[in-house]
Amino acid sequence: MDRRDFLKKAIGGGIAAGSTLALGGVGGFWSAAARAAEPETAWDLVAVRGGEPDEMFDAAINAYGGMQAFVPRGTSVVVKPNIGWDVTPERAGNTHPGLIGCIVARCLKAGAREVLVFDHTCDDWRRCYRNSGIEAAVEAAGGRMVPANSQDHYREVTVPRAARLTKTMVHQALLDADVFINVPVLKDHGSTMLTASMKNLMGVVWDRGQWHRNDLHQCIADFASFRRPDLTVVDAYNVMKRNGPRGVSVDDVVTMKAQLLATDFVAADAAAARLFGVEPAEIRHIRLAAEMHLGRMDLQNLTINRIKLG
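Residues numbered from 1 in each chain as written. Predicted model: local features only at pLDDT ≥ 70, side-chain atom pairs only at ≥ 80, totals over all residues. Heavy atoms only, no water.

K.L.:
Would you explain the side chain of N82 in this entry?
P.N.:
Here N82 shows up in the loop between β2 (76-81) and α4 (97-110). N82 has contacts with G93, N94, T95, D119, I134, V183, V185, K187, T195 and N200, leaving out every residue within four places of it along the chain. (Helix = DSSP H or I, 4+ residues; strand = E, 2+ residues; numbered from the N terminus. Contact = heavy atoms within 4.5 Å.)

Right under this line is the structure:
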């Protein structure tokens, strides 16, 4: 059994048994005392567990002073979920639609002029948008889905700080947005061990294959330097623990009922790794991004508000 298979077995076994690993990750992520939301504190990270996606988001965003702290009135907002796969929500291949609908609604309530949602999907984009449940949730909340299936939607940009990914084509909606909210789902991934916020940014570019051909982990870290999200929300309500990124069945999924919010998406990914049961330094693109000073992975030195609902 190689190290990756061992980690999968350990994570799966810990979750099934309801152990500290299942909700705490390596080192007991939830072992610190939970605190009530305190808007006056400049939290590096807010971690919530025990509620429905909208309940957890509202509790976490209140700890940052509310959605208006990120969405000024009259602004254009892009919300970027993971919608890569033509699977239904219980498979956890995509971001939870209830969370996306809630975020869109809160942005509009804060005064956003428009909220656009897209992903450059791996499966047919129309089916992904529909069968993920995200299209219906976004439209019900007053947002707008935009396609990302044609090269015409993208514009070439330079990535000044890149080691490998010096140029790439980025979706025009993101280039034009005033506010960028990245909302990945936490899950297993065959190429990078896990998917979280930085990996989710592959869905805003046209040629994902360029990243795979050109040192995937370095390209993920390189692009992270291009435009950092104003807010990162990691969906860990249902977590695919094996056979990612698509998943095979609901047997691959565990219900964690957790969520992570941060303005530093390296910190968000580090916490997501810990929640998944892996040390952040084991994920090479997290380590590279920290070394590039794009954010912090030293969770022990961050101010973290741990909120337990229910």
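Here the narrative resumes.
K.L.:
I keep staring at the layout of surface pockets and nothing clicks. Help me out?
P.N.:
Looking at the largest pocket, its volume works out to about 240 Å³. In this structure, the largest pocket is lined by 18 residues; those nearest its centre are N82, C122, K199, M202 and R208. If you list the elements that add at least two residues to the lining of the largest pocket, you get β8 (185-189), α8 (197-200) and α9 (208-213). Classifying every residue of the lining of the largest pocket by side-chain character gives four nonpolar, nine polar and five charged. (1 Å grid on protein atoms, 1.4 Å probe; cavity = no way out; pocket = protein on both sides within 12 Å on 5 of 7 lines; lining within 4 Å. Points joined across faces, edges and corners; volume = space filled by probe spheres on them. Nonpolar A, V, L, I, M, F, W, Y, C, P; charged D, E, K, R; others polar.)

K.L.:
Teacher, can you tell me more about the pattern of salt bridges here?
P.N.:
Opposite charge on two side chains permits them to pair, given that their charged atoms come into close proximity. Enumeration over the complete set of coordinates arrives at 12 salt bridges. D298 is paired through a salt bridge with R296; the nearest N and O atoms lie 2.9 Å apart. Here the salt bridges do not stand alone but share partners, grouping R113, E114 and R144 into one network. (Salt bridge = Lys/Arg side-chain N within 4 Å of Asp/Glu carboxyl O.)

K.L.:
So what exactly am I meant to see when it comes to α4 here?
P.N.:
For an α-helix, the turn length of 3.6 residues means that residues three or four places apart are oriented alike. The end-to-end C-alpha separation of α4 is 20 Å, in line with the 20 Å expected for 14 residues at 1.5 Å each. Within α4 the residues assigned to the buried category are P97, L99, I100, G101, C102, I103, V104, C107 and A110. Of the residues flanking the end of α4, it is G111, one or two places downstream, whose phi is positive at about 115°. (Expected span 1.5 Å × (residues − 1). Buried < 20%, exposed > 50% of the residue type's maximum accessible area, 1.4 Å probe, protein only.)

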